[in-house]
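The residues making up each chain are set out below.
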Amino acid sequence: MTAPFPTATITGYPRIGARRELKRALESFWSGRIDADDFSRSVHTLRIETYHRLAGLGLSEDYAIPASYSHYDHVLDTALTVGLIPSSSNGSDFDLTEYFALARGTASTPPLEMTKWFDTNYHYLVPELADDTAFTAHPQHLLALVAEAEAAGHRVRPVLVGPLTLLALTKPAPGTTTRPFDRLDELTAVYHEIIGSLAAAGVDWIQFDEPALVADIPGTSDEELAEAARHTYSALSATEVRPRLFVTAPYGSLRAGLNGLAGSGIDALGVDISSATRAVDPQYVQRLRTQVPDHVRLVAGIIDGRNIWADDLRTSLDVLRELNRETVSVSTSTSLLHVPYTVEQETALPVDVASWLSFAEEKVTEVEALAAAITEAPEARAAAFERADRARRTRSESARVHNDAVLARTEAAAAHTGFRTDFATRHAAQQTLGIPELPTTTIGSFPQTPEVRRARADHRSGRIDDTDYTALMKDEIDRVVGLQEELGLDVVVHGEPERNDMVQYFAENLDGFATTDNGWVQSYGSRCTRPPILFGDVSRPNPITVEWSAYTAQQTSRTVKGMLTGPVTILAWSFVRDDVPLRESADQIALALADEVLDLEAAGIGVIQVDEPALRELLPLRESDRADYLDWSVRSFRLVAAQVSPRTQIHTHLCYSEFGEIIDAINALDADVTSIEAARSRMEVLDDIAEYGFEREIGPGVYDIHSPRVPAVPELVELIEAALRHVPADRLWINPDCGLKTRGYPEVRAALANLVAARDEVLTTRADRGRGDHALVGAGQPPR
Ligand code: GLN
Ligand code: ZN
């Protein structure tokens, strides 16, 4: 007899380990400190302990726990499992050498490209599909996960990225003629084979994740996707002997795809009824109620998998009842991959703030409590419901959250567009800054030496006091300024030694934010971040960067650039409020930063950069939501500098090179100077810019800081010359692609010296050419 679908489940769990055990195992293995057997033992222990923990928290029914572990990335795992990426392994695990070569590259092969997983901060590896790749089934590692769990007393649910999503995220290999999506039927046949093997091993339930069904996938319409879903899952469910199919559609609401999927013959459908609008969408609930046939188990993802707020269990229970079904299972809206492990590990958070939060473990408890409340009554889980009620009440009444002065100020700014005087006027006024032609600068951070990191850690833990810490930071600034003067950079920076992270630093210095000690979330592979928590109205108790920038200006006669992180990036890399719209938080942060900008200006800093590398990241998955997002995000950026004098030059930095897609928005930022990534694409991005007629100053990065390679002078000259073919000399800046924080001094020194030398060479050539022209004119030739 097949097991019924569990009443309480989650669609995925963080894999890095509560104490980042996976990170440690990976890094030890990569560095050769442990061998493959040690590595396999460590991650085996991590998986089994996780299963025990989850069962203890209430996921004790068969198949309640998803086997969502991955060494590095679940997209890579699925691609290997179906042979979309050819692999030589047929054993119980991937071939680790092969696996990590794909994930991280080797001395001779580049890694797979990495990009953001839907609109989250998780990055997956982008599979490439060649015309001659024949898909093949490699279910062995799934079978091994199942067997390993079974031996430890757990029946877990294997998880794969579904075929539609896998192909939607795959890019054609260079020289390929077919669209990956056109090979769906072929791929489905391999999924078919895989589920056959799982059935033979006695697996009752398997999970396929299909987030592509809630997004707008370029080149594929909603209707085409919905039809493909129906077709594919009809084929898969027509298999005679198979596990039951649980298909999830996380990260938003299904549109046309709902009918396609619900009627295809699948056995359980996981829907996200929490995260789409950060509030339950009643229309979606209504559609689920009418469009999901009774024989399909509805798995209601009501506990938010992406944010960290304690759930309002009573409201959720009402929604579950509104679904009005005989049987409904309770789950998370998305995998819990996006949240840290447990609030228990946060001893430094203000107690009231801590009581408002639910991380992964607390969310599992919430799922279980809701499931029990449906089948029994809320009283069955009185403690959980009381915690939820208390959190809701104390949070809505808290003076820590609500600040009338901030609200009044935000309201007063609501009508302000944030625009300054026109660019031409500013451009003329900024001539007083005395910035030379083709100016050289950097994006802000300089390498963070072990000494700098130690000073910050010592200060944090109280081993050194404020005075000693300030002195150490000022020494570092002296060194960084000295180096920039020696290298001949025109606009100098202080180097950001005081910042552990460009968002966390501002969060630590603004009211309304909390930061965690152990709230690690996987960004990719072994890389984790600790997103700050925005819980209340935002204000700036004291100037943040002014002391450092003002000190820097005293040490040099060169122009100093002040350095801030913009409101959109601060929001994008934090856990945000669910009780006010994002646009309101963006305005509050913008106004706090506006004070900082004015203070910097008053301290004599004439050039200020406001970084917005995440502007594009927050772009909504649905095309139809984008205009509204760009409208508020871009306006909040403008608010930051709305009050400065036309003589003050505002820079922005956007990391990526996909400029074309949101070029209107970038133009509307109204920054005087914009720096972007360009070296990797050999200045290709400038075609978009020239075509668009972007009129402001621009600094396309000529030095790719993502690689330890030092670019040689001729190569840099070539890139600068290429840029000059698109951008007039009085609007072009010469700078690296991004901050230098992760690089080492030897390479940075060499690369920046070459950058200045290349600029000088270009200037000399231009001057010679100019003289040449005059000579020709003098000789009676007609001017060209
Ligand atoms: N100013 C930041 C730095 O230089 C910008 C980093 C970024 O764009 N991600 O590190
Ligand atoms: Zn950058």
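Note: the structure precedes this text.
Throughout, residues of each chain are indexed from 1 in the direction in which the sequence is written. Chain letters and ligand numbers both follow the written order, the letters beginning at A and the numbers at 1. Where totals are concerned, whole chains, interfaces and linings use all residues; where local detail is concerned, this predicted model gives features only for residues with pLDDT of at least 70, and gives and counts side-chain atom pairs only at 80 or more. With hydrogens and water set aside, each side-chain value is computed from the structure's full complement of heavy atoms.

A. Spotlight on the pattern of salt bridges. Whenever a carboxyl oxygen of Asp or Glu lies within 4 Å of a side-chain nitrogen of Lys or Arg, that contact is scored as a salt bridge. Here the structure, examined in full by the defined rule, presents 50 salt bridges. We note a salt bridge from Asp216 to Arg622, for which the minimum N-O separation is 3.5 Å. Separated by 406 residues along the polypeptide, Asp216 in the loop between β7 (205–209) and α8 (222–237) and Arg622 in the loop between β18 (607–611) and α23 (626–640) bring together distant segments of the chain. Burial status follows relative accessibility: with a 1.4 Å probe on protein chains alone, a residue under 20% of its type maximum counts as buried, one over 50% as exposed, and anything between as partly exposed. Using a relative accessible area of 23% as the deciding quantity, one classes Asp216 as partly exposed. In this structure Arg622 comes out as buried when scored by relative accessible area, which is 7%. The partner of Glu747 in a salt bridge is Arg743, and the shortest N-O contact between them spans 2.4 Å. Exposure remark for Glu747: the relative accessible area of 18% places this residue in the buried category. Assessed through its relative accessible area of 16%, Arg743 is described here as buried. Among the charged side chains, a salt-bridge network with shared partners connects Arg395, Asp537, Arg577, Asp578 and Asp579. Helix numbering and strand numbering both begin at the N terminus, where a helix is a DSSP run of H or I of at least 4 residues and a strand a DSSP run of E of at least 2.

B. Expanded view of the site of ligand 1. It suffices for a single heavy atom of a residue to lie within 4 Å of a molecule or strand for the residue to be listed as near it. Around ligand 1 sit Ile443, Gly444, Ser445, Glu496, Met502, Asp611, Pro613, His653, Cys655, Cys738 and Gly739, and that is every residue in its neighbourhood. For the purposes of these results, a polar contact is taken to be a pair of N or O atoms within 3.5 Å, where, inside protein, one atom must be able to donate a hydrogen and its partner to accept one; residues adjacent in sequence count only when each atom of the pair is a side-chain atom. Separating a nitrogen atom of ligand 1 from a side-chain N or O atom of Asp611 is a distance of 2.6 Å. Relative to its unbound accessible area of 300 Å², ligand 1 is 90% covered by the protein chains. In this count, Pro and Cys sit with the nonpolar residues alongside Ala, Val, Leu, Ile, Met, Phe, Trp and Tyr, while Asp, Glu, Lys and Arg are called charged and the others, Gly among them, polar. Here the shell around ligand 1 is composed, by residue class, of five nonpolar, four polar and two charged. Each accessible area is a Shrake-Rupley result for a 1.4 Å probe, and residues are judged covered by the shown protein chains and nothing else.

C. Structural view of the coordination of the zinc ion (ligand 2). Sites may look incomplete because water is not among the atoms; the donors themselves are N, O and S atoms within 2.8 Å of the metal, or within 3.2 Å for Na, K and Ca. Taken together, the protein donors to the zinc ion (ligand 2) comprise His653 (NE2), Cys655 (SG) and Cys738 (SG), at separations of 2.0 to 2.1 Å. Irregular is the label for any site that misses the other tests, which are tetrahedral for four donors with all angles between 85 and 135 degrees, and square planar for four donors or octahedral for six when opposite donors exceed 155 degrees and the remaining angles lie between 65 and 115. The coordination sphere of the zinc ion (ligand 2) comprises four donor atoms, whose angles at the metal cover 85 to 124°; the geometry is tetrahedral. Spacing between the donor residues of the zinc ion (ligand 2) along their common chain follows H-x1-C-x82-C. With His653 in strand β19 (residues 649–654) and Cys738 in the loop between α26 (713–724) and α27 (745–778), this residue pair connects regions lying 85 residues apart in the sequence. Like His653, the residue Cys738 is buried in the burial classification.

D. Highlighting the sheet that holds strand β12 (residues 491–492). Pairing is parallel across the open sheet formed by six strands, whose spatial order is β12-β17-β18-β19-β20-β21. With partners counted over all chains shown, the strands left at the sheet margins are β12 and β21 (697–700), one partner each. Bridge count for strand β20 (residues 673–676) against β21 is four bridges, and the pairing is parallel. Its bridge partner lying in β21, Val673 is registered against Glu697. Following DSSP output, two strands are said to pair if at least two bridges run between them.

E. Region of interest: the sheet that holds β7. The strand order across the open sheet formed by seven strands is β1-β5-β7-β8-β9-β10-β11, and the pairing between neighbours is parallel. The open sheet has two free edges, formed respectively by β1 (66–67) and β11 (328–332), since each of these has just one partner strand. As paired strands, strand β5 (residues 157–161) and β7 are joined by three bridges and run parallel to one another. Looking across to β7, one finds that Leu160 is bridged to Phe208. Contact criterion: two residues are considered in contact whenever any of their non-hydrogen atoms come within 4.5 Å of each other. Structural elements are reduced to axes, namely lines fitted to C-alpha atoms, with helices fitted over the stretch in contact, and the angle between N-to-C directions of any two is expressed from 0 to 180 degrees. Strands in contact with helix α13 (residues 360–375) are β10 (297–303) and β11; relative to β11, the strand with the most contacts, it is inclined by about 165°.

F. Quick peek at unusual backbone geometry. Even without being a glycine, Tyr63 presents a positive backbone phi close to 65°. Examined against the element boundaries, Tyr63 turns out to sit in the loop between α2 (36–57) and β1. Given the relative accessible area of 2%, Tyr63 is considered buried. Of note in the backbone geometry, Leu438 takes a positive phi value of approximately 45° without being a glycine. Relative to the assigned elements, Leu438 resides in the loop between α16 (423–429) and α17 (450–461). Its relative accessible area of 0% is what places Leu438 among the buried residues.

G. Focus on the pairing of strand β16 (residues 533–539). Among the seven residues of β16, six are classified as buried, and the element is accordingly described as predominantly covered. Note that strand β13 (residues 511–514) and β16 share three bridges and pair antiparallel. Its bridge partner lying in β16, Phe513 is registered against Leu534.

H. Structural detail: helix α25 (residues 685–692). When α25 is considered as a whole, its buried residues turn out to be Val685, Leu686 and Ile689. Along the axis of α25, the buried positions cluster into a sector of 95°, meaning they face one direction only. Where α25 is buried, its residues touch α24 (663–668), β20, β21 and α26. One or two steps after α25, the chain reaches Gly693, where phi turns positive at roughly 85°. The directions from the helix axis to the C-beta atoms form the arc being described.

I. Seen up close, the environment of Glu496. With respect to the helices and strands, the residue Glu496 is situated in the loop between β12 and α19 (504–509). Considering only alpha carbons, one finds Glu496 and Arg325, 171 residues apart in sequence, at a separation of 56 Å. If we ignore the near neighbours within four places in the chain, the residues touching Glu496 are Ile443, Gly444, Ser445, Gln448 and Met563.

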